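# Chain and residue survey
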Amino acid sequence: MTPKPTHEILLYKHSNPTTEAYGFSLAMVASVVWVLWVLWAILPEWLLISLGIRWFPNRDWAYLLPAWSIMLFLFIYVGFVSWNVFQTPPMDALELVVDQHAVLYTRPLTEEGGHPLQQHTIRDITDMRGPLSDDVYDVSPGLISRARYLNR
């Protein structure tokens, strides 16, 4: 059985019809500039003078500008990566896990009895009523890791 032909043409509806015209214009201008650049870099000097072009930059710029542009973009990339690494807090910093909206249970582990969840397993914690069951707290990842992996 052959599929029924549809005469409905599906077109992408632009929110702004000038976007396509701007894109096409930019592509054409970039293509013309690239062709002129390549012709200036490849054609011998006598041929450029015979075409009526009396002044043109030194041919060294034909490879210097692209090389410097590539290195500039690489340095910018490395600079942003370095800046992000420099601005990242250390691995043991609490800012990596919680933000200013967190409500942490701040009883220190060095106090008598330690943290109320420190000696319990995950199964015990789900049935337990204690200081954390009255209010809603964000439990630290270190405590969760201790309860999950150290007390089996």
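Residues numbered from 1 in each chain as written. Predicted model: local features only at pLDDT ≥ 70, side-chain atom pairs only at ≥ 80, totals over all residues. Heavy atoms only, no water.

## Examining the overall build of the protein chain
Each helix and strand counted, the protein chain has 6 helices and 0 strands in total. For the protein chain, the sequential pattern of α-helices and β-strands runs α-α-α-α-α-α. For the protein chain, with 152 residues in total, the buried portion stands at 9%. Excluding contacts between residues fewer than 6 apart, the proportion of contacts in the protein chain whose partners are at least 24 apart in sequence is 38%. Total accessible area on the protein chain is roughly 13500 Å²; 66% of this is exposed by carbon and sulfur atoms. (Helix = DSSP H or I, 4+ residues; strand = E, 2+ residues; numbered from the N terminus. Buried < 20%, exposed > 50% of the residue type's maximum accessible area, 1.4 Å probe, protein only. Contact = heavy atoms within 4.5 Å. Areas by Shrake-Rupley, 256 points an atom, 1.4 Å probe, with all protein chains shown as cover.)

## Some thoughts on the confidence of the model for the protein chain
This prediction gives the protein chain a mean pLDDT of 76; 63% of its residues lie at or above 70. Predicted confidence in the protein chain is weakest over helix α5 (residues 131-134), with a mean pLDDT of 53, and strongest over helix α3 (residues 61-87), with 94. (pLDDT = per-residue confidence, 0-100.)

## A look at the packing of aromatic side chains
In total, this model carries 3 aromatic pairs according to the counting rule given. With 5.3 Å between their ring centres and 75° between their planes, W37 and W40 make a pair best called edge-to-face. Within this pair, W37 and its partner W40 are both found in helix α1 (residues 18-42), separated by 3 residues, close to a single helical turn. Taking the relative accessible area as the measure of exposure, W40 reaches 11% and is therefore buried. A centroid spacing of 5.9 Å and a plane angle of 40° characterise the contact between W83 and F86, whose relative ring orientation is tilted. A residue pair is termed a helical-turn pair when its members lie 3 or 4 positions apart in one helix, as W83 and F86 do in helix α3 at 3 residues. (Phe/Tyr/Trp six-rings, centres within 6.5 Å; stacked < 30°, edge-to-face > 60°.)

## A closer look at the packing of α1 against α3
Packing of α1 against α3 brings their axes to within 10 Å, and their N-to-C directions diverge by 130°. Our classification of the angle between α1 and α3 gives oblique. Residue-level contacts link W37, W40 and A41 of α1 to W61, A62, L65 and P66 of α3. Each residue belonging to the contact of α1 with α3 can be placed in one class, and the counts come to 7 nonpolar, no polar and no charged. (Axes fitted to C-alpha atoms, helices over the stretch in contact; angles between N-to-C directions. Parallel < 35°, antiparallel > 145°, perpendicular 65-115°, else oblique. Nonpolar A, V, L, I, M, F, W, Y, C, P; charged D, E, K, R; others polar.)

## Observations concerning a nonpolar patch on the surface
A surface patch of nonpolar side chains, about 500 Å² in accessible area, is lined by V32, W34, V35, L36 and L39. One can find L36 in helix α1. (Patch = residues over 30% accessible without salt bridge, like charges linked within 9 Å, V, L, I, M, F, W, Y side chains within 5 Å. Salt bridge = Lys/Arg side-chain N within 4 Å of Asp/Glu carboxyl O.)

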